[in-house]
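Observations on chain architecture
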Amino acid sequence: MRIKIKSIIILLILIFAGAYVLIPIIKTRFKKTAKIDFSSSIDTSGSSFLPSNSNYYFFDFEKIDNKDIIYEKTAHSGKRSLKLFGEGYSYGMEINANQVDLSNARHFSLSSWIFIKDKSSKPDFTLVFSIEENKKSIFWYGNTVAGENLESEKWFKISSTGVLDSMVKLNNNCIFKIYLWNKSKCNILMDDVAVVIGQEFKKGNYLSETPIDPYSYIPKFNLPPFRSLFFKAIDIGNNNDKYLVNHDGQKHGEFKFDDKVFIGNFLKYRNNSQSILLANPSGDLNIYYFCETEKRFSKSTIKNSIIPKQSINSNELLIGDFNADFVDELLFIDKAKKQLVLLKINNPKQLCPKDESETIEFSKISQFSTNQITGLNINESNKYISADIDGDNSSELIKIDQNGSYFVYKYTLKGWQSVNLEAKNIPEWNSSKNELQIVKGKFLKKFNKDVLLSVYSTKKSKTNNYTIFFFNEKTKVFESFYTINKAPKGKIIGLDTLKTSDTFIVGNYDNDKEDELLRYNRDWRFNLKEIKFNDSTFAIQSNIDFTGFKKSQNPKYYEDLTIFSGNFFNKNFSSLLTIKRNKKNVVNFLPNSIEIYSPNISK
């Protein structure tokens with residue numbers, strides 16, 4: 001009884017005195033006997049033990065002000081908790097071995113309170129206890145919790161006990177590390193972490209052989225090495241040739257450097273899977289779609305009697321479902337005639353014909369001059385974006401002027417209607433001062449609609465920045481996602497910087513409700529990563545690599561690699577179309593080819 005009372009007193013002293021320093025290194029001033037009660041825990045690995053001459057550490061994160069790692073709206077105790085939004089590793093808690101009585105440090109206990117923020121989620125996370133010596137892992141222990149039945153939006157406790165393997169030799173150079181490894185896309189909070197390092201009190205079902213971590217490193221946020229996500233080659237019946245279509249002597253679809261590529265759900269009978277529209281500089285148009293029964297792509301030529309061929313590449317062509325009929329249309333912005341022409345592609349008469357000489361045509365849905373639409377002045381300096389910014393499954397037209405002001409238009413039975421009746425201004429979109437790239441997608445879990453990732457570099461200072469804008473349906477203006485969190489823009493943590501020269505690839509690669517975002521950089525070498533945004537920065541989820549290619553023809557080895565994303569086989573699952581080219585066609589080593597890769601993951 002005396003031991004319990006003494007432990008409680010020590011715990012209260014720790015909490016109110018705040019005599020400990022957290023991340024990155026914990027310097028605990030108290031080394032007293034203590035006990036952790038695991039009676040309310042889940043997934044325990046052994047019985048409780050009372051360490052003799054033990055070391056007790058308690059972390060409640062109240063003294064940390066870093067908003068990149070701290071969440072201030074929900075906590076188990078106090079006002080702050082440690083956040084881990086999406087896949088990755090939390091910031092770690094570290095205890096120097098010179099603070100620990102190593103003669104009594106063969107057993108350990110962990111406990112933590114967990115809060116899962118997502119109602120419809122499948123949590124999978126591990127509370128990790130590891131030991132590092134000279135930056136090398138010598139011991140790793142993880143208590144994994146997973147399953148669909150875990151309660152969300154409610155604090156619950158997990159705990160575990162373990163024993164060090166006899167091969168582990170401790171000395172004052174060792175560092176004890178505790179962190180959370182999130183293997184799911186759930187947003188997780190952690191609070192009130194308690195750690196005991198000491199002797200065994202009573203025998204229980206301890207793990208006698210704890211495996212060494214297969215990764216020989218302690219993970220750090222946004223620093224390599226990262227996990228690898230492999231995309232596997234899919235046979236599309238073209239013999240890995242440089243043509244997308246290559247069968248029965250027919251060869252079509254060689255993607256050249258000056259061709260324009262558009263991907264969309266153009267053909268209604270294909271159950272919302274996407275096709276590829278290819279426009280060459282002379283204005284010729286062909287559409288390619290995958291034939292499931294034939295396991296190959298097929299081509300149809302588009303007979304264009306509406307848009308002059310010479311105008312296609314000199315004007316804007318946007319893809320989107322503007323009239324909410326579950327099929328993508330083409331919006332032709334005619335800069336010379338100052339008009340908007342909305343078109344759809346007619347379906348081929350025959351699906352996947354062997355003779356691909358059939359032609360199909362455009363149908364004109366509507367045509368409006370700019371003087372019929374409020375605020376729609378068309379000039380060369382404007383930017384145009386189509387995106388579903390209000391979540392109603394139809395696309396809006398966004399026109400951005402050179403000074404960063406914008407208008408939003410929605411297509412209705414009465415034509416194009418202005419959503420915001422007066423011009424608004426976003427400094428980041430000022431193209432006279434910034435180099436700018438805007439990427440649309442549903443890659444923020446908080447919003448079931450397209451948001452606009454805006455990557456910009458100031459022309460004066462050449463500083464790289466980014467922010468994410470979402471459309472507020474009530475105020476009819478775009479707001480910065482980071483402004484909500486009292487920051488003007490997103491932070492960059494680690495070595496990777498988002499640049500306007502990067503290629504951003506949006507797709508749903510795991511068949512869930514949220515898009516994934518890939519960032520492709522070729523400044524020095526092939527660099528393709530999956531990134532995920534949280535409320536202050538982005539986290540690198542994985543390096544992307546490829547498998548299933550012939551010989552040594554990995555797409556990343558090519559001098560020129562162009563990547564497009566599309567739901568070519570399934571309306572809910574995206575793949576990567578890779579155009580692999582060299583400056584010289586190295587036939588025996590890296591021949592030019594077109595391949596499609598799909599991720600080795602599914603739900």
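What counts and what doesn't
Residues numbered from 1 in each chain as written. Predicted model: local features only at pLDDT ≥ 70, side-chain atom pairs only at ≥ 80, totals over all residues. Heavy atoms only, no water. Phe/Tyr/Trp six-rings, centres within 6.5 Å; stacked < 30°, edge-to-face > 60°. Helix = DSSP H or I, 4+ residues; strand = E, 2+ residues; numbered from the N terminus. Buried < 20%, exposed > 50% of the residue type's maximum accessible area, 1.4 Å probe, protein only. Disulfide = S-S within 2.5 Å. Pairing = 2+ DSSP bridges. Axes fitted to C-alpha atoms, helices over the stretch in contact; angles between N-to-C directions.

This part is about the packing of aromatic side chains. Per the counting criterion, the structure on display carries 34 aromatic pairs. On the numbers, 5.8 Å between centres and 70 degrees between planes, the contact of Tyr-71 with Phe-85 is edge-to-face. Placement of the pair is Tyr-71 in strand 2 (residues 70–71) and Phe-85 in strand 3 (residues 81–85), with a sequence separation of 14 residues. As far as the burial class goes, Tyr-71 and Phe-85 line up, both buried. Each ring, one from Phe-129 and one from Phe-176, has its centre 6.0 Å from the other, and the planes form 35 degrees; the classification is tilted. Of the two residues, Phe-129 is situated in strand 7 (residues 124–133) and Phe-176 in strand 10 (residues 174–182); the sequence distance between them amounts to 47 residues.

The full count for this structure, using the stated rule, is 1 disulfide. Two residues share a disulfide in this structure: Cys-291 and Cys-352, whose sulfurs sit 1.9 Å from each other. Looking down the S-S bond of the Cys-291 and Cys-352 bridge, the torsion is -110 degrees, so its handedness is left-handed. You can see Cys-291 sitting in strand 17 (residues 285–291) and its partner Cys-352 sitting in the loop between strand 21 (339–345) and strand 22 (359–369), a full 61 residues away along the chain. Each member of the pair, Cys-291 as well as Cys-352, is classed as buried.

A separate point is unusual backbone geometry. A positive phi angle, close to 50 degrees, is found at Asp-192, a residue other than glycine. By the element assignment, Asp-192 lies in strand 11 (residues 187–198). Look at Lys-295: it is not a glycine, yet its phi comes out positive at around 55 degrees. Residue placement: Lys-295 occurs in the loop between strand 17 and strand 18 (296–303). Overall, the relative accessible area of 44% leaves Lys-295 in the partly exposed class.

One open sheet holds the 8 strands; their spatial order is 15-16-17-18-22-21-20-19, and the pairing between them is mixed. In the strand order of this sheet, the two ends are held by strand 15 (260–264) and strand 19 (316–320), each with one partner. Direction aside, neighbouring strands of the sheet carry axes that sit 30 degrees apart on average. Bridge analysis of strand 16 (residues 275–279) against strand 17 gives 4 bridges, and the strand direction is antiparallel. Residue pairing in the sheet places Leu-277 in a bridge with Ile-287 of strand 17.

So, about the sheet that holds strand 29 (residues 451–458). An order of 28-29-30-31 is seen for the 4 strands of this open sheet, with the pairing classed as antiparallel. Bordering the open sheet on either side are strand 28 (434–441) and strand 31 (477–480), each of which pairs with just one other strand. Recorded for the sheet is a direction-independent mean angle of 30 degrees between the axes of neighbouring strands. Pairing analysis gives 4 bridges linking strand 30 (residues 464–472) to strand 31, with the strands arranged antiparallel. The residue bridging Phe-471 from the neighbouring strand is Phe-478, located in strand 31.

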